[in-house]
Every structure is written in C-alpha cells, then in structure tokens.
Amino acid sequence: MTDETLRAEMRAYIEAHCPASLRTPMLTYEDRAYGGTKSTMNADQRAWLSAMADRGWTAPTWPKEYGGGGLSDRETGILREEMARIQARPPLEEYGLSMLGPALLKHGTEEQKREHLPKIVRGERRWCQGYSEPGAGSDLASLSTAARIDGEDFIVDGTKIWTSHAHRADWIFCLVRTDKDAPKHKGISVLLIDLTSPGVSVRPIQLISGHGHFCETRFEDVRVPKGNLLGPLNDGWEIAKFILVQERQMYGDHAKRGVEAKSLGQLAADTLPRDEHGRLKDPMLRADILRLELRTKGFEAARARLRAAGGAAGMAPFLKLYGTELNKERQDILMQIGGPASYGWDGPAFDDGQVVKNWLRSRGNSIEGGTSEIQLNLLAQRVLKLPKDKRE
Amino acid sequence: MNDLAFPNLSQSEDGASFMEVLSRIRDGHGAISLQRKVRDESAHRIATSTWEAIREQGWTAAILPEAHGGLDQPLETVILGARALGVGCIPVPFTTNCVMVPRLLAALDHGEASEAFLATGSWWGVDLTCADSIIGTCDALTGTTRLSADAMGAEQLVLAATINGNIALVMVDANAADMELRELADRRNRAQVRLDAVQCEVLVEGARAGELIADLEAVSRLADAAEMLGMAEMSFSMAIDYLKTRRQFGAIIGTFQALQHRAARAFCELECARGIMWSSLLDGARDLDEAAMLCKAEIGRIACHVLAESFQFHGGIAMTDEFDLGLLLKRVRVLDALNGTQSELQNRLAARWGY
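Residues numbered from 1 in each chain as written. Chains lettered and ligands numbered in written order. Predicted model: local features only at pLDDT ≥ 70, side-chain atom pairs only at ≥ 80, totals over all residues.

**Q** Outline the overall build of chain A, listing residues and values.
**A** Counting its secondary structure elements, chain A contains eleven helices and eight strands. A globule of 392 residues ought to have a C-alpha radius of gyration of about 21 Å, and chain A, at 22 Å, matches this closely. Seen along its three principal axes, the alpha-carbon backbone of chain A occupies a region of about 80 × 50 × 45 Å. The burial tally for chain A puts 43% of its 392 residues in the buried class. Long-range pairs, those at least 24 residues apart, make up 70% of the contacts in chain A with a sequence separation of at least 6. (Helix = DSSP H or I, 4+ residues; strand = E, 2+ residues; numbered from the N terminus. Rg over C-alpha atoms; globule rule 2.2 N^0.38 Å. Buried ≥ 20, exposed ≤ 12 C-beta atoms within 10 Å, placed from the backbone. Contact = placed C-beta atoms within 7 Å.)

**Q** Tell me about helix α5 (residues 94-108) of chain B, and please be specific about residues and values.
**A** Residues and elements named next belong to chain B. Between its first and last C-alpha atoms α5 spans 20 Å; for 15 residues at 1.5 Å apiece the expected length is 21 Å, and the two agree. At V101, α5 shows its maximal kink, close to 25 degrees; a proline, P102, follows between one and four residues later. Buried within α5 we find F94, T95, T96, N97, C98, V99, M100, V101, P102, R103, L104 and L105. Downstream of α5 by a residue or two, D109 has a phi angle that is positive, lying close to 55 degrees. (Expected span 1.5 Å × (residues − 1). Bend = angle between axes of the 7 residues up to and from the residue.)

**Q** Account for the domain arrangement of chain B, naming residues and giving values.
**A** Residue and element names in this part refer to chain B. By domain assignment, chain B separates into domain 1 (123-205) and domain 2 (209-352). Computed over C-alpha atoms, the centres of domain 1 and domain 2 are 30 Å apart. With ten residues of domain 1 at the interface, the matching set in domain 2 holds ten residues. Going through the elements one at a time, β6 (166-173) and β9 (201-205) are the ones with two or more residues in the side of domain 1 that touches domain 2. Here the element with the most residues in the side of domain 1 that touches domain 2 is β6; it accounts for three residues. (Domains from an automatic or database assignment.)

**Q** Describe the interface of chain B and chain A, and please don't skip the residues or the numbers.
**A** Contacts between chain B and chain A engage 35 residues on the former and 33 residues on the latter. Of all elements in the fold, only α7 (207-245), α8 (257-283), α9 (288-314) and α11 (342-352) of chain B reach the threshold of two or more residues within the side of chain B that touches chain A. For the side of chain B that touches chain A, the element with the most residues is α8 of chain B, which contributes 15 residues. Broken down by class, the residue content of the side of chain B that touches chain A amounts to 21 nonpolar, nine polar and five charged. (Nonpolar A, V, L, I, M, F, W, Y, C, P; charged D, E, K, R; others polar.)

**Q** Explain the packing of α9 of chain B against helix α10 (residues 325-337) of chain B to me, and be specific about the residues and the numbers.
**A** Residues and elements named next belong to chain B. Relative to each other, α9 and α10 sit at 160 degrees, their axes nearing to 10 Å. When the interaxial angle is binned, α9 and α10 end up roughly antiparallel. Crossing angle aside, the handedness with which α9 passes α10 is left-handed. Between α9 and α10, the residues in contact are G300, A303, C304, L307, S310, F311 and H314 and L325, L328, L329, V332, R333 and D336, respectively. Looking at the contact of α9 with α10, its residues break down into eight nonpolar, three polar and two charged. (Axes fitted to C-alpha atoms, helices over the stretch in contact; angles between N-to-C directions. Parallel < 35°, antiparallel > 145°, perpendicular 65-115°, else oblique. Left-handed = near helix turned anticlockwise from the far one by under 90°.)

**Q** Talk me through unusual backbone geometry; I want residue IDs and the actual numbers.
**A** Residue and element names in this part refer to chain B. Residue I32 follows A31 across a cis peptide bond; omega there is -5 degrees. By the element assignment, I32 lies in the loop between α1 (13-28) and α2 (33-41). We note that R45 has phi near 60 degrees; this positive angle belongs to a residue other than glycine. Turning to its location among the elements, R45 is positioned in the loop between α2 and α3 (48-56). Note on R45: 23 C-beta atoms within 10 Å, which makes it buried. Of note, the phi angle at D150 is positive, near 55 degrees, even though the residue is not glycine. Mapping D150 onto the fold places it in the loop between β4 (148-149) and β5 (156-163).

**Q** Hey, could you go over the domain arrangement of chain A for me, with residue numbers and the actual values?
**A** Residue and element names in this part refer to chain A. Considered domain by domain, chain A is made up of domain 1 (3-94 + 104-121), domain 2 (127-235) and domain 3 (239-383). Between domain 1 and domain 3, the contact holds five residues from the first and five residues from the second. Counted by class, the side of domain 1 that touches domain 3 contains two nonpolar, two polar and one charged residues.

Laid out in structure tokens, this is it:
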C-alpha cells in the first residue's frame, strides 16, 4: 500500500469513528482515556477506544499478533498526522501502553506477551509503575522491597511510593530486590503483580494541587507466581532503565501538549488588553511569552530532527528535562495571563481552579520520572562522556 | 562535531561530498588560527588562498542555475556550507559571494552578470542597508555607506540605493568608489564606501527590488545563523575537551557536578539550535522570511549563551588573545548584532504572530 492510499484509508477511518466530543483539547485528567476495570470513561471515549483498538492503532507499532497495528515508524507518523489533523484525542493513555508494553515486547516470554499485550491494546487492563520507595528516590537502585522464592511463588514485602494511578490500576510492574547480598544494581528483578492479590493495599496521597492519583502501595506477604518474573532473575536493572527511557520520552510530550492547545501568544492576544498596534499592553509579559514560544519551537524542532534521524533513545534525558521544564514555564505564564483569578481554587467562577491546580501539579514534572538533576547527570556522563565522580 | 546529520533535506549526494571537501579545505588551512593570521597580516582581512580554494571548488556557482554556469544546488547546501566554515571561524566572503550574490543573480536570471561574477578574480561586496544614503541616477550615484560587507578588495559592489526616487539594487565597479576599512570586533572585511557621481548598473528597482532585498536579508540571516551555530558547536566541543583534561583540586574538573550540569544544559540549548536550523531549511520554502528571523534570533541567543559558558569553563586562558575562543566570541557577537538583533527580530515575530 502506498503512503497516500494508507493516509486516505486512515483519514476515512478516523473521520468515521472519532466522536466530535473527542476532537477538542484535553484540559483535565478526566478528559483522558485511561482504560482498565476501575477507570471512568464516557460512552464516546469507549467507542473511540474500541474503534482504534480494532485496528491495533492504540499501539500502532506493536506486532499484529499481539493486537498491535503492525505499522512502521513512518506509517505511525502518518497516523499521528491524521489524528492531529482533526485534533483527535489519544484513544488510550496508560502506562502499560507507554512503558511496560515495549519492555514486554523486548524481554517478555511468549506466554507473557500473549497474556498482557492484547489486553493493554484494548485498554482492558490498566498498569501502574512500582519504582520509587520511601527510602529510594533519585537513588532508585537502593530500593529494598524484597521478593523471596517460596516454592512456585515469590513472596513480596515492602512499600512503593508515587505509584501514579495505583488506585485505578489493575496490575503493577514492580522493581523488587531478589538478592540482598549483591551490589545494589545487581540483585534487582522486575515482577508483574496483580493488584487484587491478597496483601496488597493502596492508599492515595493528596498532592498540593488537590490531585490524589499518586499512591502509596504496600505489599505484605504477597504471593506472585514465578511466571510473572519479567526478564532474568537478579538482572532486572537493565529492563528498569529501558522502561525509564520510555517514561522519559513520554514526559517529553508535556511540552507538546502545550503546542497542540492554543499558543500562549494567541491565548494572551485573545484575553489581555492590547495597544493600537495590536501588541500586548504589558511589554514585559509579551517578551516573556515570545521567548518561551521561541524556546518551545526550538524544542519541537529538536524533537522532530531526532525522530527524523531515526530514533533518540540516548537523548531521552534531554526530552524529559527540556520538555518538563518548558511545561513548568508555560504554566507560570498561564498564571500571569490569567492574573489574580488564576489563583481561584474552586467553583464555577474559577473554572474549578483548573489553572492554579495545573500549575501546582506541573511543579512535579521536573521531579517525577527522574529529577532534572538526574537527567543532567545522565546527559553529562552518557552523552557528553564527562568522567563520573567517585561517589556511589 | 554533530552526532546526527540533518536528515530529509533535498541535499544531493553531490552536495554531501561538496561539503566534505569544504571541511577539508577549512581544516587544511589552519582553522581557527587562520583568523588571527589574517587579522594581523592581510590588508583585506580575507584568507585569500583559502577563498581561492573554495571558489575553485565551485561554491560561488553552487546555487546558480546550470544555464548560467552554476551547479543548481539547493539553498541548504550553501547555508550548511556557512556552518562548516563557522566551525573554523574562516575569514572568507562566503555569505556575500556564495549565498547573497548568486541568489540575487539567479532570481534576476541575469546571465551576463552571472558570467562576470563567476569570472571574478577576488570577490564582490554587498550592502543592503544603504538605500537611504546612496542616491542618484544610473549615471551619477552619490553617497556614503556605513559597513559594507567584503567591500575592500572587491571587484564589484552590489548596493541598495535610491534611483530616481525608487528603491533599487545596483551594481557599481568597486574601482570607481573610495573606501576605507571599518573593522568591528570580529576584524572582518567591512568598509565605508564613498561614491561621488559614479556610474552604476541598475539590477532591479521598485517593488521587485524591495522583495529581493527582503529575500536576500532572509537568506543572509539563515547563513549568519548557520555560521553562529558552527561556532557554538566548535566552542562547545573545545569546552568539553577542556573539562575532560584540566585538573584542579586533584581531580579532572569535568567530574564536578556543578560543571557537568552547566555543560549538559548548554548541550540541550545546542540541540534546540540544531533543530531550528534543520527545520528552517526544511520549512524554508514555505515562509522563508519567518524561518530566517526565528533562526537568527534563537540561534543567536543560544550561540551567545554557549560561547559564554565555554568561556567560563576555560577560565583565565580564554581571556588571552593567543587562545582561539576569543576569536569565536567576537565573531558570534558581531553576527548576532548585525542584520537584525535578537530583540528586533523577536519583536517582529511577536507582531507577526498576532500579539
């Protein structure tokens, strides 16, 4: 099939199946389609998810045998362009899709792939990520949640924190220590755990923004079948890092969200007073907006170049760092454009406090998924090859 | 120097090998110290033998059409050529003679002038900023320019002028002009040109001349941005080398996290600059004017920042004239300040985008 035939076919399918209500920017968490058995999705979201999953286009690059779309990167690019053309929302946004799936494809057993991938594609099983612990933040490899072998099972004990959306998820992919005598990067394994297993408890944590989707997830003598080990025993750190790369690429999209919605300049022009030349009356704000818009365009161009050059795996720290910091600055400027009303906390007069809550939530963007400082370490040492200091 | 190429440009294989030879000429002629030597020893502030090699390789003909003896290369070939020469801070009249003049002659479809241009033994000078000060008729053109690029030693001058009250681009025999070297901090070939009732050839006048001046401004902005990018890349690579070798407090200074983080941030900015350069060339055909303003404003900002950081990483040695960084710094700052400053271009972009 030529690109043009494919494009025409995709266009027709998307046009026919994307409900009008989903051709608008996503403003809140509720606007996103997360899938799984505990999430709330409206009828339009369900229909759109189902239509896209039928073609495997929720996971366009995954092989067809696991429910994916079997598309090349170029074909996926065409699909994205066609979706962007009508501002179609993603049919599914979920960590199984963005983080675990690629790792399953690379490291999973045939049985694991057949069990999990099709359910992810269809949004039937929602995943969360069990990485950080109260005592293991930036120093992730010092994690202490333990899994010991007992017959045909692992028995898991410990506490994970910042397990985003765990209270709405069905399963968790979890880093556990399977050999406590090995050096800290060794002796770590990846386990896939059903959150309905006895001994699992999930407690949402209230954030400064009022959002409560970050959780603490405790494991007390939780039995997990040995078959749920992803990759080799005691050698899970490489898989953990691979998943982190997927996560960082995903965070790089934060800035893009801003681009898809109205540009800051347009937003300001629509809402703020302007002089007789059409310029914003506040010259300092105008300059701040323009400079951020230029940097956003620069970042978008850099992303596009990396994509066109055939992948940017080593550059994930750049995407994560720059994308999240741009988003924080964008939120800062949105607060300035909104003026004092943007501090309104709730009620219809203040649009339920969306502006300030999004701003508060964005403070975490440069912390979650590896802090900006960790990304800078990675860039300095892995990309620029500057020598590492001696600290462990 | 740059880990990833600029994919998907229409640049042909010929263009790529063309660029390779240019890089060899650059490195073979002693970049970056060539700039210091030329500054101290050459009256015209141009590395003449390097320029001769570049001309012989066909760079002045690159974007001219085949019908006029040109090589019919796309614009991005010469823009990326400017980047390659920026890496070596090579003092040659490249932007004027490989980008602006051939771009103009191709647009005018002026075969005769193209032939004369390609046969030139030295180079041509260009000034687009003097329409208000160079005034007269084609038989008697009079006035003074301020900073005409590559005018010293030129055979012909291409100048913006007011002819019979109309804006125009004219060609003047450089021997008919009085001129005096007017160096800026980068110590390149710029001159004050004085014309006293000289004859000229009017290349184009009226609205079309205005359009062509805007077009030449745009392509020269792209070339300036490319040259600044090349210099920023060079300075950064010098800085990283230095961070990997310099020892203080009993350690390689590149192990210090304070410096690692600053280097990583500068790298991110440089990635954005490369992205903008690349996408401006991809998008060039769509809205050249806007792409060129964006490119020069943002790459100018980033190049100044990366140069400043590279300077600070090097410490005291960067302040010495015998070290190369100062040459890059001066050239970057001058390019950033001419042909549209950052704030000027930013202002225009905001207006263009409706705020």
